[in-house]
Structures are given as structure tokens and as C-alpha cells.
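Single-letter residue listing:
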Amino acid sequence: MSKQTLILLYGGRSAEREVSVLSAESIIRAVDYHQFLVKTYFITQSGDFIQTQIFSETPGPDEKLMTNETVIPAQKVAPSAIYQTDAVVFPVLHGPMGEDGSVQGFLEVLRLPYVGTNVLTSAGAMDKIVTKQILESFGIPQVAYMAYFEGDDLEKAINQAEEKLSYPIFVKPANMGSSVGISRAANREELRQAIGLALKYDSRILIEQGVTAREIEVGLLGNRAIKTTLPGEVVKDVAFYDYEAKYIDNKISMAIPAQVDGRIAEKMRHYAAKAFRALGGCGLSRCDFFLTEDNQIYLNELNTMPGFTQWSMYPLLWENMGLNYTDLISELVRLAQEMFHKREDHLF
Ligand SMILES: Nc1ncnc2c1ncn2[C@@H]1O[C@H](COP(=O)(O)OP(=O)(O)O)[C@@H](O)[C@H]1O
Ligand SMILES: [Mg+2]
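Residues numbered from 1 in each chain as written. Chains lettered and ligands numbered in written order. Predicted model: local features only at pLDDT ≥ 70, side-chain atom pairs only at ≥ 80, totals over all residues. Heavy atoms only, no water.

Caption draft 1: Quick peek at helix α1 (residues 17-30). The end-to-end C-alpha distance of α1, which contains 14 residues, comes to 20 Å, matching closely the 20 Å that a straight helix rising 1.5 Å per residue would cover. A large share of α1 lies buried, amounting to 11 of its 14 residues. Looking only at α1, the buried set comprises Arg 17, Val 19, Ser 20, Val 21, Ser 23, Ala 24, Glu 25, Ser 26, Ile 27, Ile 28 and Ala 30. (Helix = DSSP H or I, 4+ residues; strand = E, 2+ residues; numbered from the N terminus. Expected span 1.5 Å × (residues − 1). Buried < 20%, exposed > 50% of the residue type's maximum accessible area, 1.4 Å probe, protein only.)

Written as C-alpha cells, this is what we have:
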């Protein structure tokens, strides 16, 4: 039997491109080479598609994927040149222009099956205001919030925020990810500044209630039948899980499974699956919660392409459920093909 071609798209235009490279490096070392031939394409910060290595067996420890530092511009191809009959794409891209529906739409136009959520879910989960509105309509618990749109009366919005919420208040651009443009305001002046900062990144701003809480995450996998993992906890020694803390200082460790009451864990798994369905999810996602000291659960967000190195929360959550990293990748490819056939069948 000939091998299945797996096309790995990695890098990308967002601030999270470094995590993407690490995820891709992990994947090329873990996929089942009896089943797959892996073709890789690096997407540069400026959005060029660069054809990179092809792997038919596990690469050695010294084999590195191309990055912005080692990019060979002469290997640039037209984005549509990634097309190959019967291939499946794993867009291991995080953040805007990768996880937000744009690449997903491009792959649908090319008629390529791809791992992960579709256009609607990717775009909806990337927009923090849209996510909140959908969660609200499905009765899923979340922190109190309001939206501010560029051009709205700022003083009026600040007054409303102070009526509805109490400090500390978190301010976030609707569409960014990786904590970029997010700040925590402890008073009116900081709130004004926080909105100003967030407006540099997006014209849609989410203003929400700050909470003191543990950060607990649940893995989701499946199309129609959705499986969830036991929760894991992001253990922080910093108050605010910002980009530096997340990716650079390594100030984060994980507890898997999280030490939480069984009933709390069950509720979180229920809400995670409900939110995934509400947003139209398929393939995978990681659902992030806040858990307060008095056991209040708030759903914070759904990450449709979570960090995917072998040591990232999402794969480790599945490992804990008895599904190892290699088999997880194979299962994601199978789910991608299943969704592709379903989509194509509906067109006739
Ligand atoms: N309402 C909140 N209360 C307390 N901490 C928050 C709140 N919102 C965000 N944070 C902190 O900021 C981090 C990043 O916010 P998040 O909404 O997850 O954005 P991102 O898309 O960048 O991951 C969270 O992991 C958490 O540490
Ligand atoms: Mg987050």
C-alpha cells in the first residue's frame, strides 16, 4: 500500500510562529512513517510559502526544519503549489492567519482535507467577542464582559465598565492570541490606557471581569462523537500568563491530571464539549477554564490549534488518557479525511 502524504504547514505570520516550528519539529519525529510520507512547507512572516524537507523516515536529532533565520527564498512556491491529489494537510499554525479560518478557507478552495476546525469555528473561536456571545447563548458560564468598538464613546464605555465590572478588569483585542495587546487594569486610568493599547491590535475590544483563578484545560477530539480528556492545570508562578511567561521564560509547568474535584472535572468536560459543538467544532481544540477558590467555573476560550509539541498540554492530556502522540496524529488525519468527505458529499 502506498503511503499517505501528509503536508505540514508550519511557521506562519503570527507572533506564535516559534511555537509552530517547535510543534512541527515534534510532529516530524513522531509520525508513523509506515503510514505517512511528510512534506513540509514553511510559511514566512511575510506570508511566503517555502518548500522545505520531505521525510519518509524519522529524521535524526540534528535535522532541523527551516525557520526565519535559515529560510532559502529561492525555494518559494505559489501557495496553491502545495496541492497534491489525496494528500492531507496539517496546518500546525497558531494565531491570526493560520488558526483564524483564513488558511482553512484556502485549503477548502484547494479541495484538500485538513486537520482541525473549519472556517467558521476557527474564525469564531479566534474572535473573543464572538466566542463570548455564542457561549452566552448556550448558557455556558463565563466571566462578565462587555464589548467596545473603535469609534464608540470612550468615556461612556469606561463608565459602563465600572458599573458592570469591578477592578481588576482585563482588556483584550478581540483577535490576537498569545496574550498580545492584553492588559490588566486596576483603576480607571489603567483601563483607559489598556483600551488604547488593545486598539493598536484590533478595532473590536473585549473588556472583562478579572478573576483570581487556577487555569485548567480540557482536550477535545472528534467530529460527530466528541471525546474529552480529564483536565490538566497550567501551574504558574507569575500572576499574568503573558507571552514572555508562556513561551520565553518557561515559568509555566503542568499538572496532569489537574488536582480538582471529580464533579468539577466532569462539569468542565461537559462545558468544553458543549462549547465545541456550539461553535461547530471538528477535529481538535483545547478548552481553557478559570477555576476560582470557591469552585466557580468560567470558560475562558477555545484554542482550535493548541500548542502541539510532544510536551505541550494538548498532546499530554491525551497521553494521560492512553492515546499516545503518534496515534493522536494518525487519528487527527483520519478525522480530517472524514470531515473532507462529509463536506464534499454535501456539495452534490
Ligand atoms: N478575566 C481574567 N481574569 C484573570 N486572568 C485573566 C483573565 N483573562 C485573561 N487572563 C490571563 O491572561 C492570559 C491570556 O488571556 P487569554 O484570554 O487566554 O488570551 P490568549 O488568547 O492570548 O491566550 C490567561 O491565560 C490568564 O492568565
Ligand atoms: Mg489563552
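Read on, since the account is not over.
Caption draft 2: Structural context of the domain arrangement of the protein chain. For the protein chain, the assigned domains read domain 1 (4-114), domain 2 (144-209) and domain 3 (212-304). For domain 1 versus domain 3, the distance between C-alpha centres works out to 26 Å. (Domains from an automatic or database assignment.)

Caption draft 3: Molecular detail of empty space enclosed by the protein. Applying the stated rule across the entire model yields 2 cavities of 30 Å³ or more. Quantified by volume, the largest cavity comes out at close to 70 Å³. What lines the largest cavity is simply Ala 125, Lys 128, Thr 131, Lys 132, Lys 172, Leu 206, Glu 208, Asn 300 and Glu 301. Listing elements by their share of the lining of the largest cavity, those giving two or more residues are α4 (128-137), β9 (204-209) and β15 (297-303). The greatest single-element share of the lining of the largest cavity, amounting to 3 residues, is contributed by α4. Here the lining of the largest cavity is composed, by residue class, of 2 nonpolar, 2 polar and 5 charged. Approximately 40 Å³ is the volume attributed to the second largest cavity. (1 Å grid on protein atoms, 1.4 Å probe; cavity = no way out; pocket = protein on both sides within 12 Å on 5 of 7 lines; lining within 4 Å. Points joined across faces, edges and corners; volume = space filled by probe spheres on them. Nonpolar A, V, L, I, M, F, W, Y, C, P; charged D, E, K, R; others polar.)

Caption draft 4: Local environment of the sheet that holds strand β7 (residues 169-173). Read across the sheet, 4 strands follow the order β6-β9-β7-β8 without closing on themselves; strand pairing throughout is antiparallel. Pairing within the sheet leaves two strands with one partner each, and these edge strands are β6 (145-149) and β8 (183-185). Averaged over all pairs of adjacent strands, the angle between strand axes in this sheet comes to 25°, irrespective of strand direction. In the sheet, β7 pairs with β8 via 3 bridges, with the strands oriented antiparallel. Paired with Val 171 across the bridge in β8 is Ser 183. Along the sheet, α4 contacts β6, β7 and β9; its crossing angle with β9, the most-contacted strand, is approximately 55°. Helix α6 (residues 188-199) rests against β6, β7, β8 and β9 of the sheet, and its axis sits at about 15° to β7. (Pairing = 2+ DSSP bridges. Axes fitted to C-alpha atoms, helices over the stretch in contact; angles between N-to-C directions. Contact = heavy atoms within 4.5 Å.)

Caption draft 5: Geometry of helix α5 (residues 154-164). Considered for burial, the residues of α5 that qualify are Ala 157, Ile 158 and Ala 161. Seen from one end, α5 has its buried residues packed into an arc of 100°, which puts them on one side. In this structure, α5 carries Lys 156 and Glu 163 as exposed residues pointing more than 90 degrees from its buried face. Where α5 is buried, its residues meet β6, β7, α6 and β9. The N-capping residue of α5, defined by a side-chain oxygen 3.1 Å from the backbone nitrogen of Glu 155, is Asp 153. (Arc of directions from axis to C-beta. Polar contact = N/O pair within 3.5 Å; in protein donor to acceptor, adjacent residues only side chain to side chain.)

Caption draft 6: Geometry of the UniProt feature "binding site: Mg(2+) 2" (unreviewed entry) in the protein chain. In this structure's numbering, the residues bearing the UniProt feature "binding site: Mg(2+) 2" (unreviewed entry) are Glu 301 and Asn 303. Lining residues of the largest cavity drawn from the annotated set just named are Glu 301. Counting through the fold element by element, Glu 301 comes out in strand β15. Ignoring anything within four residues of it in the chain, the contact list for Glu 301 reads Lys 128, Arg 286, Cys 287 and Asp 288. In terms of polar contacts, Glu 301 uses its side chain to reach the side chain of Lys 128, at 3.2 Å. Along the polypeptide, Asn 303 turns up in strand β15. Relative accessible area serves as the criterion here: at 14%, Asn 303 is assigned to the buried category. Look past the residues within four positions of Asn 303 in its chain and what remains in contact with it is Glu 99, Ser 285, Arg 286 and Asp 288. (UniProt positions renumbered as here; feature names shortened; annotations may be inferred.)

Caption draft 7: Expanded view of the packing of α1 against helix α10 (residues 325-346). One can describe the packing of α1 onto α10 by two numbers: an axis separation of 9 Å at closest approach and a directional angle of 95°. When the axes of α1 and α10 are compared, the pair comes out roughly perpendicular. Facing α1, whose interface residues are Ser 23, Ser 26, Ile 27 and Ala 30, α10 presents Tyr 325, Thr 326 and Ile 329. Here the contact of α1 with α10 is composed, by residue class, of 4 nonpolar, 3 polar and no charged. (Parallel < 35°, antiparallel > 145°, perpendicular 65-115°, else oblique.)

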